[in-house]
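Fold and geometry: a report
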Amino acid sequence: MARYIMIILFLCLPAIAWSLTVEVVGQAPVEGALSHARQQALEDAMQQASLRAGAQVSSTQLMEQGVVKQDDVQLRSQAELKNVEVLWEDQQHGLYQVAIRADVSAGVMCPNSSQRYRKAIAVTGFGLAQPMQATLGRLENIEQDLPRVLVNTLNDRGATHALDATRTSLFRDPRRAPSAETPQQRLTTSVSLATQLGAQYVVSGVVRDLAMQGETRDSTPGQGERWLSLLGMESNDHERQFVLDVFVHDGLSGAMLFQRSYATQGEWDVARQQRVGFASPRFWKTGYGQQVRGLLTSVVDDLDEVLRCQPFMARVVKARGNRLHIEASAGAGIRPGDKFQVYRTGTFYNLDLEPRTELSDMATEVVVKQVQPQFVIAEMQYTAEHLAIQRDDMVIAW
């Protein structure tokens, strides 16, 4: 009797680690001891809270002669619950109900990933959506110095190799970013920049808001305070906004891999005419600067997590005989003897005639023989001519 087992695994997990506070109600039938029903209702509430942070669904089917004999579905969550508080309990219509409030922390992506290579990422200049808002404190340097903070922090952590491309801007009009993409959410300028710098990913962003509390985005800094002064009143609100959008694009296809908006606010206890500058010692000492520092730490945490789960990829820049020259620096952590899979790059078109980048597995393994400062030499069993491997094909380590 022929029997087949088919296992299907579907992941629905958050892109990065995060936490939130939720309130849910769990319930269970009262069929015996009241304490048992209460415990079941409490467990049901905690399970519902966990699923708010993402679930993992697995389905196992057992087939005999083409007929499904067993079909099991399991729902699991990798979330963690903290600070669980029971809000109220009730019993009615044969059901015991428990309402709880809990802090839910989502599980991280690919927790078992052993990827050790440092991926090269180009960090571009960040756009400033409302330039007039930067005049308060003379923060105009934020377009280059904010991404430089990200570059330095990423490199200090050592998980990625961040390249300083802060003098390059990907968006002509930051207010519309990332609407300058193609309809397929691809940014062609990121591809050319990544190719030029030898980067695998491109990080860009836009500073959306630097306004003082109560000011509109289009108002001139100080305009609200001047009107209050004319009325014989002074503003006691020194809270300043900070809103930032961050994007990560794939350097091969230009596709967006990550997009998130961040916001915070803090006390801006600086005289209006004082020149502070972004990321200066005086800036970091303000309550506002401390809040911004914490926010940028969260940005780097997210970037590390997103990029950690991506495969390491590098371009073939020369293919001759059984030897490949690969565009990867020694800083990536590659060592002689390391092995990569070879993929051929190509383009196909979907039903709407939209181009898509395709990677075809050549079922060929290359072994690193030499590691130079700016490139790597690897060898394979067959010749590049035999496998039609050429410039701009890729090697990948999953």
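As a starting point, this report considers the structure included with it. (Residues numbered from 1 in each chain as written. Predicted model: local features only at pLDDT ≥ 70, side-chain atom pairs only at ≥ 80, totals over all residues. Heavy atoms only, no water.)

**What to know about the overall build of the protein**
Helix and strand counts for the protein come out as seven helices and 18 strands. Per-residue burial over the protein gives 42% buried out of 398 residues. Long-range contacts, defined as pairs at least 24 residues apart, comprise 70% of the intrachain contacts of the protein with a sequence gap of at least 6. (Helix = DSSP H or I, 4+ residues; strand = E, 2+ residues; numbered from the N terminus. Buried < 20%, exposed > 50% of the residue type's maximum accessible area, 1.4 Å probe, protein only. Contact = heavy atoms within 4.5 Å.)

**Topic: the packing of helix α2 (residues 142–157) against helix α6 (residues 287–308)**
At a closest axis distance of 10 Å, the pairing of α2 and α6 adopts a crossing angle of 55°. Of the possible angle classes, the one that applies to α2 and α6 is oblique. The interaxial crossing formed by α2 with α6 has right-handed handedness. Touching Leu 146, Val 149, Leu 150, Thr 153, Leu 154 and Arg 157 of α2 are Leu 296, Thr 297, Val 299, Val 300, Asp 301, Leu 303 and Asp 304, all from α6. (Axes fitted to C-alpha atoms, helices over the stretch in contact; angles between N-to-C directions. Parallel < 35°, antiparallel > 145°, perpendicular 65-115°, else oblique. Left-handed = near helix turned anticlockwise from the far one by under 90°.)

**Some points on the layout of surface pockets**
Empty space within the largest pocket amounts to approximately 390 Å³. In this structure, the largest pocket is lined by 23 residues; those nearest its centre are Ala 120, Gly 198, Ala 199, Glu 327 and Ala 328. When residues of the lining of the largest pocket are traced back to their parent elements, those giving at least two are β7 (119–124), β9 (160–165) and β13 (312–320). Examining the composition of the lining of the largest pocket, we find that four residues originate from one element, β13, more than from any other. Residues that form the lining of the largest pocket fall into these classes: 11 nonpolar, seven polar and five charged. (1 Å grid on protein atoms, 1.4 Å probe; cavity = no way out; pocket = protein on both sides within 12 Å on 5 of 7 lines; lining within 4 Å. Points joined across faces, edges and corners; volume = space filled by probe spheres on them. Nonpolar A, V, L, I, M, F, W, Y, C, P; charged D, E, K, R; others polar.)

**Notes on the nonpolar core**
One finds Leu 146, Phe 242, Leu 244 and Phe 278 to be the most contacted residues of the largest nonpolar core, which totals 39 residues. Listed by contribution, the elements that provide at least two residues to this core are β7, α2, β10 (201–209), β11 (239–250), β12 (256–267), α5 (281–285) and α6. If one sorts the elements of this core by residue count, α6 sits on top with nine residues. Look past the residues within four positions of Leu 244 in its chain and what remains in contact with it is Phe 126, Leu 146, Val 206, Val 207, Arg 260, Ser 261, Tyr 262, Leu 295, Leu 296 and Val 299. In this structure, Met 362, Val 366, Ala 378 and Ala 384 belong to the second largest nonpolar core, which totals 22 residues. (Core = buried A, V, L, I, M, F, W, Y, C linked by side-chain atoms within 4.5 Å.)

**With respect to the packing of aromatic side chains**
Applying the stated criterion across every chain yields a total of 12 aromatic pairs. Measuring from centroid to centroid gives 6.0 Å for Phe 283 and Tyr 288, while their planes differ by 85°, and the two rings are edge-to-face. Relative to Trp 398, the ring of Tyr 343 lies with its centre 6.2 Å away and its plane at 70°, an arrangement referred to as edge-to-face. Linking Tyr 343 in strand β15 (residues 339–349) with Trp 398 in the segment after β18 (394–397), this pair joins segments that are 55 residues apart in sequence. For Trp 398, a relative accessible area of 66% corresponds to the exposed category. Of the aromatic side chains, those joined through ring pairs into one cluster are Phe 242, Trp 268, Phe 278, Phe 283, Trp 284 and Tyr 288. Positioned above the aromatic ring of Trp 268, the side-chain terminus of Arg 240 is 4.6 Å from the ring centre. Between Arg 293 and the ring centre of Trp 284, over which it is positioned, the NZ or CZ distance is 4.3 Å. (Phe/Tyr/Trp six-rings, centres within 6.5 Å; stacked < 30°, edge-to-face > 60°. Lys NZ or Arg CZ within 6 Å of the ring centre and 35° of its normal.)

**Quick notes on the pairing of strand β14 (residues 323–327)**
Bridging between β13 and β14 involves five bridges; their strand directions are antiparallel. Note on β14: the bridge partner recorded for Ala 319 is Leu 324. Hairpin remark: β13 followed by β14, antiparallel, with two residues in the connecting loop; positive phi at Gly 321, about 65°. Pairing between β14 and strand β17 (residues 376–380): four bridges, direction antiparallel. Across the sheet, Arg 323 pairs through a bridge with Glu 379, a residue of β17. (Pairing = 2+ DSSP bridges.)

**A word on the environment of Gly 205**
Relative to the elements of secondary structure, Gly 205 occurs in strand β10. Taking the relative accessible area as the measure of exposure, Gly 205 reaches 0% and is therefore buried. Between the alpha carbons of Gly 205 and Leu 146 there is a distance of 9.9 Å; along the sequence they are 59 residues apart. Not counting chain neighbours up to four residues away, the residues in contact with Gly 205 comprise Gly 125, Phe 126, Gly 127, Asp 245, Val 246 and Phe 247.

**A few points about the pattern of salt bridges**
Evaluated as defined, the whole model comprises 14 salt bridges. The salt bridge partner of Asp 164 is Arg 148, with a shortest N-O separation of 3.5 Å. You can see Asp 164 sitting in strand β9 and its partner Arg 148 sitting in helix α2, a full 16 residues away along the chain. (Salt bridge = Lys/Arg side-chain N within 4 Å of Asp/Glu carboxyl O.)

**Remarks on α2**
End to end, α2 covers 22 Å across 16 residues, agreeing with the expected 22 Å (1.5 Å per residue, within 8%). Along α2, the positions that sit buried rather than exposed are Ile 142, Leu 146, Pro 147, Leu 150, Val 151 and Leu 154. Where α2 is buried, its residues meet β7, β8 (127–128), β9, β10, β11 and α6. Just downstream of α2 lies Gly 158, where phi reads positive at about 85°. (Expected span 1.5 Å × (residues − 1).)

**Some remarks on the sheet that holds β15**
The six strands are arranged β13-β14-β17-β16-β15-β18 in a closed barrel whose pairing can be described as antiparallel. On average, each strand axis in the sheet is tilted by 45° relative to the strand beside it, whichever way the strands run.

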